[in-house]
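Listed here are the chains, written in short residue letters.
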Amino acid sequence: MAGSAWVDRLATLYELQAKKDSHRNPAIWVNDILGEDMWSMQTEICESVRDHRFTAVQSCHAAGKSHLASRLSAWWIATTPMDEVFLVTTAPTARQVASILWRYIQRAHNLAKERGFTIPGQILSSPIPSWKINGELVGIGQKPPDKEDSAFQGFHAEKILVVIDEACGVDRSIWDAVDSLVTNESSRVLAIGNPTDPSAHFRQVCSPDSPLGEKWNKIRIDALRSPLMTEEACSRYPRLVEYMKEEGIPFATEPVSSTLQKTLVGPTWVYESMVGWGKESSLFKSKVRALFPETSSEGVIPLAWAEAAMARWEQWRDGTYIIDPDTEEPVCLVEPRAQQTGNIVIGADIADGGEDSTVAAIRQGDVVRELIAFPSKDPLTTADDLQEIAVKHGAPTNAKYIVDGIGVGSGVVAKLRRDSQDTYAFIAAANSHRKDTTGKMTFINDRAAAWWNLRELLNPSRKGGAVIAFPRDDKLLAELTCPRFDTQPGTPKYKIEKKDDIKTRLGRSTDRADAVIHAYWLPSDVPPYEELKDTAWKAVDEKYPENPNVDAVVEKWDTDADMRLAGW
């Protein structure tokens, strides 16, 4: 009897110790309560949040960073007394807060219930993510406007966890506000994100040489060290194997569950990125190697500036809400689909057959509302397609079209003008009379001027800040950040890398980027008709020699004086 009681007592002590260990170790808690495994880097991050007040993680793409942050958030609230705990999460956009991190938090809450465990409280998703226990607010997710640090004031608890997701896009003032929240020893901050911006405060946090980074425990997740980067898996890509050996990266030997294998980054995506972006590109360094790009290595469009424009587009689409700390009620700061004024502008890059696509960028005001890509077609059909796009966006007669004016695109221009559409022919090789914002540099041609125009519109240091926005699109991001610029020897003229050189490195034409650039290009002067008419149709005649419709358009365009006055 005594022996049996002693065994029961040991079993009870074992269970208590296991529960204590689970509460103390988030990786064990995730495994016990949610039934999920973690790979070694995720476990290291969990232990860092447990043991260090400040943890900074610069992560590659698809390393499970938001998933991990959600599990740490759930562990924090589930294992801390309600009267002591609070969770605050933020990110550069409302979508990143609600649709990514808090969606994962809700899944963790549901998963625990499915497995017979109870995580206290209720998670609300609308209009702003929040966590309440017995009606009391214990967690929020919000994206305040940049420099709106007051949005994080008024939250007090003994144990506060702050999660800064996609940390590179969060303004310095928000970091300062976070510091004011976690003044006691028991609170924690996890900053995690892709290192895209070399000028961001996140870089100072992650830098071993910066005084701002002294208090942070720093972790870097390189895609080349993913547990899926085994020798067998990488052997399909000899160039990738060679690169890993050059970099001194050993092949992975860590076993991981089948669930993790479905979600983590692997050799196929790494290889495709290496080939598509170039291993020296800012995009590859940031998304794959989890390294901050050097300013000197940037092209015409810095990666961080393009990322910021995509984040603004998501804010335009989703709106921004915060919780008022005094009333615990949501307050709308930016309405979803913030109103844009002005006519629809359609920038179009016209495909000349092959694998390239025709791409249309539909802009209104500061925002490219949508990017649409479709296969190469004859000029007349393409012109009709563009007009149908204008109708879809509510502009059947008053849209403005900015279209390639040389090659096949010239036929599209002529058809649009025949249909009485306001159309400008973008001639990349035309002499440019523009200057940059300093007034000291000019451009070798309109192509260089148009690329530089977009660069200046994206520059966060411009008066009033950068406001333009375009959809999140990985191909667009790669195309915008790939081209390099230089100056014409002996002159103050900017020039852009040749298209063929870009295509060699990128593996395709910059169709999407050119469409966006055209959409923001507002011509200041119109090239004379006679200067262009002799060459504008040559490629069309060669490509469609037996198309009577094209011949008719050429003849009409060549003889119609009104057409010439309409824009040529």
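Residues numbered from 1 in each chain as written. Predicted model: local features only at pLDDT ≥ 70, side-chain atom pairs only at ≥ 80, totals over all residues. Heavy atoms only, no water.

1. Considerations on the nonpolar core
Right, so step 1: Ranked by size, the top nonpolar core spans 107 residues in total, and within it W131, L240, L454, F470 and L480 carry the most contacts.
Right, so step 2: Broken down by element, this core gets its largest block of residues, eight residues, from helix 16 (residues 446-458).
Right, so step 3: Other than its neighbours up to four places away in sequence, L480 contacts I301, A306, W451, L454, F470 and A513. (Core = buried A, V, L, I, M, F, W, Y, C linked by side-chain atoms within 4.5 Å. Buried < 20%, exposed > 50% of the residue type's maximum accessible area, 1.4 Å probe, protein only. Helix = DSSP H or I, 4+ residues; strand = E, 2+ residues; numbered from the N terminus. Contact = heavy atoms within 4.5 Å.)

2. Let's talk about the confidence of the model for the protein
Right, so step 1: Averaged over the protein, the pLDDT score is 83; the fraction of residues at 70 or greater is 85%.
Right, so step 2: In this model, residues 524-537 is a region of pLDDT below 50 whose contacts with residues beyond four sequence positions or in other chains number 30 contacts.
Right, so step 3: When the criterion is pLDDT under 50, residues 550-568 qualifies, and its contacts beyond four places in sequence or with other chains add up to 40 contacts. (pLDDT = per-residue confidence, 0-100.)

3. So, the packing of aromatic side chains
Right, so step 1: For the structure shown, the criterion picks out 14 aromatic pairs.
Right, so step 2: Seen from their ring centres, F202 and F292 are 5.9 Å apart, and the 65 degrees between their planes marks the pair as edge-to-face. With F202 in helix 7 (residues 201-206) and F292 in the loop between helix 12 (282-287) and helix 13 (303-318), this pair connects stretches of sequence that are 90 residues apart. Here F202 matches F292 in class, with each residue buried.
Right, so step 3: Ring-pair connections join several aromatic residues into one group, and the members of that group are F54, W175, F202, W216 and F292. (Phe/Tyr/Trp six-rings, centres within 6.5 Å; stacked < 30°, edge-to-face > 60°.)

4. Some remarks on the environment of Q96
Right, so step 1: Structurally, Q96 is set in helix 5 (residues 94-114).
Right, so step 2: Along the primary structure Q96 and G141 are separated by 45 residues, whereas in three dimensions their C-alpha atoms are 9.8 Å apart.
Right, so step 3: Beyond its immediate chain neighbours, meaning those up to four positions away, Q96 contacts A91, L101, D165, E166, E314 and R472.

5. A short note on the sheet that holds strand 11 (residues 344-349)
Right, so step 1: With mixed pairing, five strands are arranged side by side in an open sheet as 13-12-11-14-15. The open sheet is flanked by strand 13 (367-375) and strand 15 (422-426), the only strands paired with a single partner. Sheet twist, expressed as the mean angle between neighbouring strand axes with direction ignored, is 20 degrees.
Right, so step 2: Across four bridges, strand 11 lies against strand 14 (residues 400-404) in parallel orientation. Within strand 14, the position partnered with A348 by the bridge is V403.
Right, so step 3: Here helix 15 (residues 408-418) sits on the sheet and contacts strand 14 and strand 15; the angle it forms with strand 14, its principal contact strand, is near 155 degrees. (Pairing = 2+ DSSP bridges. Axes fitted to C-alpha atoms, helices over the stretch in contact; angles between N-to-C directions.)

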